[in-house]
Amino acid sequence: MPGLYSGECQLWKLDQDLVSLTRVSSPFFMRDERAPIVFIHGVEYQGPEEAMRDLVTPMLKCLGPGRVADRGIYVFAWNSLLTNRVKISAMVKGSLWERFSLAARELPKCNEYLNDTERRAKDAAKVLLPFAAEWNAENRVGPTVISHSMGSLVWAETLRLLLEGSSIITKPGVWWSLQPAMLRNSFGDGGDYQAVAKIYTGRESSKALIWYSRMDYILSSIYVLSKPGLALGQWGCPKGSMPQRDITRWAREAHGMQHIAGHLGHFFNRVAAILPSEADSLGI
């Protein structure tokens, strides 16, 4: 199953038209005057084009041209399909009986699916690591990272690996984590990423924000059935170990983007009322 469903991990840069993508082959490319924006998608994306259509382009539209002008914008694509795309489509779009029958067969396997996807997320972090090291280098400016779902695990693991090589991350930049598919205590005492949380505190230029939705249907079903605890993207951090906001009243039950549950309307249409003020608070 590993590596079966999607292509290689790769960083892409948006061209000036904000539509075309150019593959980035070396970490030594950062010469942007303003902090770059880096999108990291979550599960069920098959390449950068899907991430562009469903995550990047809609959010850039909500942010508005003034916030993204003169900034390098990047998309990190990684092998994130949970299982065969046909199965996921049938589980979401089939008749009630078809969805029930398929769920009965597939849900017992979700632990296997999710664990494998998490492994691929951590492998993806090793690919992203050289770029993160360059962003943290002297005379560079930290990135604005916007991650969704398990894309947040990719970035958290990248920072954990970076900390292994250097006890100081001088320019972590900004991190906006949308409904992270991570354990609730990941950033708390004894959590796997407790050290990562600390780099986003104590510096005026280093800001982070987690969005979570208590009605998140993916994190309250597949994730809960697969993991030994609650999801960060559903319940937030205990004891407020990272800045966060409950967006349940706006996002409602959808885990996120339209490719999973299009009948709910696009995620960014639902959160458009609060997105600009949140961007302001992060300095975007």
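Structural notes, computed from the coordinates. (Residues numbered from 1 in each chain as written. Predicted model: local features only at pLDDT ≥ 70, side-chain atom pairs only at ≥ 80, totals over all residues. Heavy atoms only, no water.)

### Observations concerning the nonpolar core
Move 1: One finds I40, F76, W78, L128, W155, W175 and F187 to be the most contacted residues of the largest nonpolar core, which totals 44 residues.
Move 2: Sorting the residues of this core by element identifies β3 (37–40), β4 (73–77), α5 (110–135), α6 (151–165), α7 (194–199), β7 (207–212) and α8 (219–226) as the ones contributing at least two each.
Move 3: Not counting residues up to four positions away in its chain, the partners in contact with I40 are L55, F76, W78, L128, V145, I146, S147, H148, G151, V154 and W155.
Move 4: Of all hydrophobic cores here, the second largest spans 31 residues; its members include I37, V75, I146 and L178. (Core = buried A, V, L, I, M, F, W, Y, C linked by side-chain atoms within 4.5 Å. Buried < 20%, exposed > 50% of the residue type's maximum accessible area, 1.4 Å probe, protein only. Helix = DSSP H or I, 4+ residues; strand = E, 2+ residues; numbered from the N terminus. Contact = heavy atoms within 4.5 Å.)

### With respect to the pairing of strand β2 (residues 21–24)
Move 1: Pairing geometry for strand β1 (residues 10–14) and β2, over four bridges, is antiparallel. Residue L11 lies in a different strand from β2, and its bridge partner there is V24. (Pairing = 2+ DSSP bridges.)

### So, the packing of α5 against α8
Move 1: Orientation of α5 relative to α8, taken along the N-to-C sense of each, is 90°, at an axis distance of 8 Å. Viewed along their axes, α5 and α8 adopt a mutual orientation that is roughly perpendicular. Facing C110, N111, L114 and E118 of α5, the residues of α8 in contact are I222, Y223, L225 and S226.
Move 2: Its residues assigned to classes, the contact of α5 with α8 shows five nonpolar, two polar and one charged. (Axes fitted to C-alpha atoms, helices over the stretch in contact; angles between N-to-C directions. Parallel < 35°, antiparallel > 145°, perpendicular 65-115°, else oblique. Nonpolar A, V, L, I, M, F, W, Y, C, P; charged D, E, K, R; others polar.)

### Here's the deal with the pattern of salt bridges
Move 1: Scanning the entire structure with this criterion turns up 10 salt bridges.
Move 2: Here K227 and E118 are joined by a salt bridge, their closest N and O atoms 2.8 Å apart. Pair noted here: K227 is in the loop between α8 and α9 (232–235) and E118 is in helix α5, with a separation of 109 residues, a long-range link.
Move 3: Assessed through its relative accessible area of 17%, K227 is described here as buried.
Move 4: Residue classification places E118 among the buried residues on the basis of a relative accessible area of 12%.
Move 5: Ionic pairing is found between R245 and E278, a salt bridge with its closest N-O pair at 3.2 Å. One end of the pair, R245, is in strand β8 (residues 244–246); the other, E278, is in helix α12 (residues 275–282), with 33 residues separating them in the sequence.
Move 6: You can call E278 buried: its relative accessible area is 7%. (Salt bridge = Lys/Arg side-chain N within 4 Å of Asp/Glu carboxyl O.)

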